[in-house]
Protein chains: 2
Amino acid sequence: MRDVARLAGVSISTVSAVVNGNVFVSPERKASVQRAMAALDYHPDAIARSLKTGKSNVIGIIVPDITNAFYPELVRGAEDAATKAGYSVLLCDSSENCKNEESHINVLFSRRVDGILIACCINSRAHESLAQRRFPLVYMDRIPSAGAGCSISTDNVQAGYVATKHLIDLDHQRIGIVAGYLGLSPHHDRLEGFRNAMQEFHLPILDEYLISGGIQVADGTNAGQALLSLQVPPTAILASNGNLLLGVVQAIAERRLKMPDHLSVLGFDDYLWHRFFHPALTAVAQPTHEMGRRAFELLKQMIESEPGQEVQEKHIRLPAELRVRNSTGPVPQREFRRVLKKTRQPVAANEK
Amino acid sequence: MRDVARLAGVSISTVSAVVNGNVFVSPERKASVQRAMAALDYHPDAIARSLKTGKSNVIGIIVPDITNAFYPELVRGAEDAATKAGYSVLLCDSSENCKNEESHINVLFSRRVDGILIACCINSRAHESLAQRRFPLVYMDRIPSAGAGCSISTDNVQAGYVATKHLIDLDHQRIGIVAGYLGLSPHHDRLEGFRNAMQEFHLPILDEYLISGGIQVADGTNAGQALLSLQVPPTAILASNGNLLLGVVQAIAERRLKMPDHLSVLGFDDYLWHRFFHPALTAVAQPTHEMGRRAFELLKQMIESEPGQEVQEKHIRLPAELRVRNSTGPVPQREFRRVLKKTRQPVAANEK
DNA sequence: CTGTTAGCGCTTTCAC
DNA sequence: GTGAAAGCGCTAACAG
């Protein structure tokens, strides 16, 4: 910068003025400065600027696992918005591990990020170190119950309701749910939506139809197998995320059962490949990209708010969208049911 | 830091010494400094440090589209390694657009990243601004032909060979390939591997069996439809990436054809869901996570090499791994072929 | 071993 | 409108 100033025959502050463009500089000087910058291949040093201004224009994003297809979409939404607003993104992956999450938070702190977007990991203690300090922070997707502060997620209660309602509309009554890990708000909320719908239509929620615990494919397979082994198996299964859905589909395939003839299946999260399965999988789609975008926008507000008028606690809930495809259908007729149960049954006269 | 020093009753440089741990400090002083740091909730300012040392300990990663399942894995590998080595990652998404890529490079430059890992976009001009400056840079996956400098990718020629060989071993002779965009090194190389294998076994490479152009799902569907509409369609199809594979599978489903009975299909890139398709999809897996990790390690070497002994140009090629599942099988027998062609044929006596 | 000091490259008053 | 100068928080000589 000094060199640029010297080459252009002006002072350092003039160079600064043309770089930032906030102070008026006479056109001819401006031009000569720009020529000098080009000649020297000058790139303003954002680090020095940050040191001076106390603002880095960098935000941190922490996700539990970027290889889980939900997060790339979310990150993309946030990153697009951030880039547009002149912010850069430090990406951190916590591997679903609190210790990592905590150390990432400390690193982000040290790097003086202006704010943090976080999809926290199970048992996260992020709020302890962050929310308490009134540090700009937005929770995405997974909202810790303890944590104060701003958050954004799909309205998972509604999502759970919509999914269940779809099945109920198809006349299903025995609906199983592979509910995931209930310590995580999305799964907890989806189950609540499921309960709401079932109760609204006076359908019983059987203990053995509700399986919770893990959130991986294998957990879905196990849960699916358990559900299908029941004396009276459900006629429809709801899977609380994309991996569990894959697992359930696997369990069904292992038994050579067909969707939706033998039973209906649907899941939360709609990924590209869902529509290429056979049958194409019905799913509840989240507005993931939008969630990322709005998460950033909320964070930006918090960052740029004047000390006096902070954004008050804000919890955005976005609507989910049911995408009906071919893995859900009417309740299986008698003959299919028999196949499903793998038990002989007396032929009932007037089965609905 | 000044406050910490004051509280601990030592000088600033002593605080710096205990923070960095490179100079010996007497235990009691060290303890009192640490107490003061804790009391003041002191986090060393990485920005100021960077300004002083001229090293940011941040790298940039640029990918064309983080929502393409290949990249999260790659980024994860790099990020894991970077975190372990004390580096942070600025993630940039170019949206497969050169203008974005260029502006990201400029931002990363301004932020004084120590190096850049890039999976460049189509028609990238990244090398113009970067490689020429001898700036630490590693190309990942997509290697520009013009670009000098270090690179890492799967050995895609070998990958193409292995995939084709698998089909040839199954006695396929009429093999179609949905080759993707040949301006991108992975696709170009896979096609080369395909050619090598075909030539080695004296199999003809028919123009109408080779379809190139796009790399999206729709391109795969179109290509698949074209291939299946041929008078004499191929008995096996190779898809050059995960999206094209999805598209091909779709085209096959539209015709109510079954894999591998009617024709065999396999693709490059092996994603989680491939094994949950029916039949489970044969695929050539890339060591994506490892690629990311080693890309970072290579970059780190470049960053930390002494001005005298720079790392010379290095091109790492990692082996791909064929994962045989159920979408590939023997050449269809006569009756299937007839279904495939949708044309009547005289019954040949001794068809193999 | 510890303290003093001079900047890293920039922004930002404040005189001119 | 433009330049001089102070200082953001830290590190690394260097002197003690």
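Residues numbered from 1 in each chain as written. Chains lettered and ligands numbered in written order. Predicted model: local features only at pLDDT ≥ 70, side-chain atom pairs only at ≥ 80, totals over all residues. Heavy atoms only, no water.

Novice: Mind showing me how you'd approach the protein's contact with DNA strand C here?
Specialist: Around DNA strand C, 23 residues are found, and the nearest of them are M1 and R49 of chain A together with T14, R29 and K52 of chain B. When atoms of DNA strand C within 4 Å of the protein are sorted by moiety, sugar and phosphate together comprise 66%. Contact between DNA strand C and Y42 of chain A: a phosphate oxygen at 2.7 Å from a side-chain N or O atom of the residue. Note that a phosphate oxygen of DNA strand C is positioned 2.6 Å from one of the side-chain N or O atoms of R49 of chain A. Within the residue set of the surface near DNA strand C, elements represented by two or more residues are α2 (12-20) and α4 (46-53) of chain A together with α2 (12-20) and α4 (46-53) of chain B. Tallied by class, residues from the surface near DNA strand C come to 10 nonpolar, eight polar and five charged. (Near = heavy atom within 4 Å. Polar contact = N/O pair within 3.5 Å; in protein donor to acceptor, adjacent residues only side chain to side chain. Helix = DSSP H or I, 4+ residues; strand = E, 2+ residues; numbered from the N terminus. Nonpolar A, V, L, I, M, F, W, Y, C, P; charged D, E, K, R; others polar.)

Novice: Please explain the pairing of strand β10 (residues 282-285) of chain B as it appears in this structure.
Specialist: Working note: regular strand, side chains alternate between the two faces of the sheet. All names here are of chain B. The alternating pattern of β10 places T282 and V284 on one face and A283 and A285 on the opposite face, and all of these are buried. Strand direction decides the pairing type here: strand β9 (residues 264-268) and β10, joined by three bridges, are parallel. Each bridged residue has a counterpart across the sheet, and for G267 the counterpart in β10 is A283. Pairing of β10 with strand β12 (residues 321-323) involves three bridges; the strand directions are antiparallel. Bridge pairing links A285 to E321 in β12. (Buried < 20%, exposed > 50% of the residue type's maximum accessible area, 1.4 Å probe, protein only. Pairing = 2+ DSSP bridges.)

Novice: What's the story with the environment of A218 of chain B in this structure? I'm lost.
Specialist: Its location among the elements puts A218 of chain B in helix α10 (residues 217-229). C-alpha of A218 of chain B to C-alpha of G247 of chain B: the two residues are 29 residues apart in sequence and 5.8 Å apart in space.

Novice: Which parts of the structure should I look at to understand the relation of the copies chain B and chain A?
Specialist: What connects the two chain copies is a rotation about an axis and a shift along it. Superposing chain B onto chain A requires a rotation of 180° together with a translation of 0.1 Å along the rotation axis, leaving an RMSD of 0.1 Å. The superposition operator between the copies reduces to a two-fold rotation axis. Across chain B, the rotation axis passes nearest the C-alpha of L90 of chain B, at a separation of 2.3 Å. Both copies contact each other with a shared surface, as 98% of the interface residues of chain B are interface residues in chain A too. (Least-squares fit on C-alpha atoms with pLDDT ≥ 70 in both. Contact = heavy atoms within 4.5 Å.)

Novice: Looking at this structure, how should I read the nonpolar core?
Specialist: Across soluble globular proteins, you tend to see nonpolar side chains buried next to one another. By size, the foremost hydrophobic cluster in this structure holds 102 residues, and its most contacted members are I61 and L117 of chain A together with I61 and L117 of chain B. Setting aside residues no more than four positions away along its own chain, I61 of chain B makes contact with V75, A78, V89, L90, L91, C92, L117 and M140 of chain B. Formed by 34 residues, the second largest nonpolar core is a distinct cluster that contains V58 and L108 of chain A together with L90 and C92 of chain B. (Core = buried A, V, L, I, M, F, W, Y, C linked by side-chain atoms within 4.5 Å.)

Novice: I'm lost on the sheet that holds strand β7 (residues 210-212) of chain B in this one. Help?
Specialist: Strand pairs in the sheet, formed through backbone hydrogen bonds, run parallel or antiparallel to each other. Residue and element names in this part refer to chain B. The sheet built from six strands is open, its strands ordered β7-β6-β8-β9-β10-β12 with mixed pairing. Strands at the two margins of the open sheet, each flanked by one partner only, are β7 and β12. Strand-to-strand twist across the sheet, computed as the mean angle between neighbouring axes with direction ignored, equals 15°. Running at roughly 160° to strand β6 (residues 175-180), helix α9 (residues 185-200) makes contact with β6, β7, β8 (236-239) and β9 of the sheet. (Axes fitted to C-alpha atoms, helices over the stretch in contact; angles between N-to-C directions.)

Novice: Would you explain the interface of chain B and chain A in this entry?
Specialist: Accessible area lost during the coming together of the parts is what is often quoted as the interface size. Taken together, the 51 residues of chain B in the interface contact 50 residues of chain A. Carbon and sulfur atoms make up 61% of the surface buried where chain B meets chain A, a total of about 4300 Å² over both sides. Area buried by chain B at its contact with chain A is led by I47, R111 and F276 of chain B, which between them contribute 16% of it. Where chain B touches chain A, the interface holds six salt bridges. Residue D93 of chain A pairs with R76 of chain B through a salt bridge whose shortest N-O separation is 3.0 Å. Where chain B packs against chain A, one counts 24 residue pairs in polar contact (both at pLDDT 80 or more). Among the elements of the structure, α4, α5 (70-84), β2 (88-93), α6 (98-110) and α11 (242-254) of chain B are those that each provide at least two residues to the side of chain B that touches chain A. When its residues are assigned to classes, the side of chain B that touches chain A shows 25 nonpolar, 15 polar and 11 charged. (Buried area = accessible area lost by both parts, 1.4 Å probe. Salt bridge = Lys/Arg side-chain N within 4 Å of Asp/Glu carboxyl O.)

Novice: So what exactly am I meant to see when it comes to the pattern of salt bridges here?
Specialist: As a working rule, side chains carrying opposite charge can pair if their charged atoms are close by. Residue and element names in this part refer to chain A. In this structure the tally under the stated criterion is 29 salt bridges over all chains. When the shortest N-O distance is used, the salt bridge between E321 and R323 registers 3.6 Å. For R323, a relative accessible area of 29% corresponds to the partly exposed category.

Novice: Help me understand the domain arrangement of chain A, please; the structure alone is not making it clear to me.
Specialist: Residues and elements named next belong to chain A. Taken domain by domain, chain A consists of domain 1 (2-44), domain 2 (56-149 + 288-318) and domain 3 (156-281 + 325-351). Centre-to-centre separation of domain 2 and domain 3, based on C-alpha positions: 33 Å. Counting from both sides, the interface comprises nine residues of domain 2 and, opposite them, nine residues of domain 3. Taken as a group, A69, I122 and R142 account for 47% of the area that domain 2 buries against domain 3, more than any other trio of residues on that side. Where domain 2 touches domain 3, the interface holds three residue pairs in polar contact (both at pLDDT 80 or more). When its residues are assigned to classes, the side of domain 2 that touches domain 3 shows four nonpolar, two polar and three charged. (Domains from an automatic or database assignment.)

Novice: I'm lost on the sheet that holds strand β7 (residues 210-212) of chain A in this one. Help?
Specialist: Residues and elements named next belong to chain A. Across the sheet, six strands lie side by side as β7-β6-β8-β9-β10-β12; this open sheet has mixed pairing. Of all the strands in the sheet, the pair left with one neighbour each is β7 and β12 (321-323). The sheet shows a mean angle of 15° between the axes of neighbouring strands, direction not considered. Here strand β8 (residues 236-239) pairs with strand β9 (residues 264-268) via four bridges, running parallel.

Novice: Can you walk me through the protein's contact with DNA strand D in this structure?
Specialist: Around DNA strand D there are 23 residues in total, and T14, R29 and K52 of chain A together with M1 and R49 of chain B lie nearest to it. Measuring from a phosphate oxygen of DNA strand D, one finds a side-chain N or O atom of S16 of chain B at 2.9 Å. Of all the secondary-structure elements, those providing two or more residues to the surface near DNA strand D are α2 and α4 of chain A together with α2 and α4 of chain B. Each residue belonging to the surface near DNA strand D can be placed in one class, and the counts come to 10 nonpolar, eight polar and five charged.

Novice: Looking at this structure, how should I read the packing of helix α5 (residues 70-84) of chain A against helix α12 (residues 288-304) of chain A?
Specialist: The description of two packed helices rests on the angle between their axes and on the distance between the axes. All names here are of chain A. Where α5 contacts α12, the two axes come as close as 7 Å, and the packing angle between them is 40°. Judged on the interaxial angle alone, α12 and α5 are oblique. The way α5 lies across α12 gives a crossing that is right-handed. Within the contact between the two elements, α5 uses F70, E73, L74, R76, G77, A78, D80, A81 and A82 and α12 uses T288, H289, M291, G292, R293 and F296. (Parallel < 35°, antiparallel > 145°, perpendicular 65-115°, else oblique. Left-handed = near helix turned anticlockwise from the far one by under 90°.)

Novice: Please clarify how the packing of aromatic side chains should be interpreted in this entry.
Specialist: Aromatic ring pairs are reported here in terms of the distance separating the ring centres and the angle at which the planes meet. Residue and element names in this part refer to chain A. Taken as a whole, this structure holds 10 aromatic pairs over all chains when the rule is applied. Aromatic side chains Y87 and F296 sit 5.4 Å apart centroid to centroid with 70° between the ring planes, which places their arrangement in the edge-to-face category. Linking Y87 in the loop between α5 and β2 (88-93) with F296 in helix α12, this pair joins segments that are 209 residues apart in sequence. (Phe/Tyr/Trp six-rings, centres within 6.5 Å; stacked < 30°, edge-to-face > 60°.)

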